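Observations on chain architecture
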Amino acid sequence: MTVDMSLTDLEQHWGIRSRGNLIALPETGASMFRWTHENEPGDFKFRPVRHNHYLLSLILQPMQAKAWAGRQQIWSGPIAKHTVRIVHPDDENRWLSPGGFDLLHIMIPRTTIAHMFGQEGDDGAHTVRFNDPLYSPDEMICQIGRQMLSILDQDGPFVKDIADGLCHALIAYILRRYMMGTGQVTAAVSSRAQMRRVLDMVAANLAKEITLEQMAEAAGMSPFHFSREFRKSVGTSPHRYIVDRRIDRAKKLLSDQNLSILEVSLECGFKDASHFSRVFRSAVGMTPRDYRVAN
């Protein structure tokens, strides 16, 4: 990697010292840094230093943040542990954290991505873009990241060679998993990742009350913006989607003769059997009891 800034410059740019780093690995040219910040009063603002590099960020501990791509805010709210972002060298990104954080950053030269993709020279690398996971979990990246962390502070022979091998595997994986070819990373790509998190959250909490505010927070959006984006992405309103999923679950549970109608209604997030019966009949055309008999 051609490092545009020294480690001292990078630490001054962050305003904190890295907890560990390996710079300019001999084969891939990649660099890795661990940045930690205690939960102190005030906001921590960061604008990535790109140096003609892709930036892969692995979140090591839960945090709160807001993030922007250019002038568009793409995230606001909690970020889960072991989630990932991939930022293209040409994209203007910045984020703000009101509390503490613990991050692993891997900076990968544009030319390395181009070479592994089979393109020689800087110009070819401009065509390689990735779908930004936008704080979605990725078990493979987490596994590689954990191995990187284990050697980050080690000295002695072959440490950089081991790190280089891990970076090579990481690059191969993100090319296979996240490469989107030519063109720009669109807002729709980010929206799909955000909506996937919301749908997973709904599926895991059907027996509980699920508010619009909770869904918007899971997506990292304001409730107003989330409602609009959800309808655009999923094709229905958040409320209608939850009702439909509860009815789908109720149909499955009604096949279990050991469960009473009341138990089914509570398992599916309805207030009582009467409310459940009204909603079910409106959606299916028969009462839950009649549906059980017919099926």
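Residues numbered from 1 in each chain as written. Predicted model: local features only at pLDDT ≥ 70, side-chain atom pairs only at ≥ 80, totals over all residues. Heavy atoms only, no water.

1. Looking at the pairing of strand β2 (residues 31–37)
Using the following cut-off: Burial classification: accessible surface area is computed with a 1.4 Å probe over protein chains only, and a residue below 20% of its type maximum counts as buried, one above 50% as exposed, and the rest as partly exposed. Strands are runs of DSSP state E lasting at least 2 residues, helices are runs of H or I lasting at least 4, and numbering of each runs from the N terminus. Here a strand pair is declared whenever DSSP counts at least two bridges between the two strands.
Across the 7 residues that make up β2, a large majority, 7, are buried. Of the two faces of β2, the one holding Ser-31, Phe-33, Trp-35 and His-37 and the one holding Met-32, Arg-34 and Thr-36 are both buried throughout. Pairing analysis gives 3 bridges linking strand β1 (residues 20–22) to β2, with the strands arranged antiparallel. Following the sheet pairing, Asn-21 is matched in β2 by Phe-33. Pairing of β2 with strand β9 (residues 101–109), which is carried by 7 bridges, proceeds in the antiparallel orientation. Across the sheet, residue Met-32 finds its bridge partner in β9, namely Ile-106.

2. Quick notes on the pattern of salt bridges
Rules: Salt bridges, as used here, are contacts in which a Lys or Arg side-chain nitrogen is within 4 Å of a carboxyl oxygen on Asp or Glu.
Following the criterion strictly, the structure yields 10 salt bridges and no others. The salt bridge partner of Arg-34 is Asp-102, with a shortest N-O separation of 2.7 Å. Placement of Arg-34 in strand β2 and of Asp-102 in strand β9 is noted, with a sequence separation of 68 residues between them. Using a relative accessible area of 7% as the deciding quantity, one classes Asp-102 as buried. Taking the shortest distance from any N to any O, the salt bridge between Arg-196 and Asp-200 comes out at 3.1 Å. With Arg-196 and Asp-200 both in helix α6 (residues 187–204) and 4 residues apart, the pair spans about one turn of that helix. Given the relative accessible area of 47%, Arg-196 is considered partly exposed.

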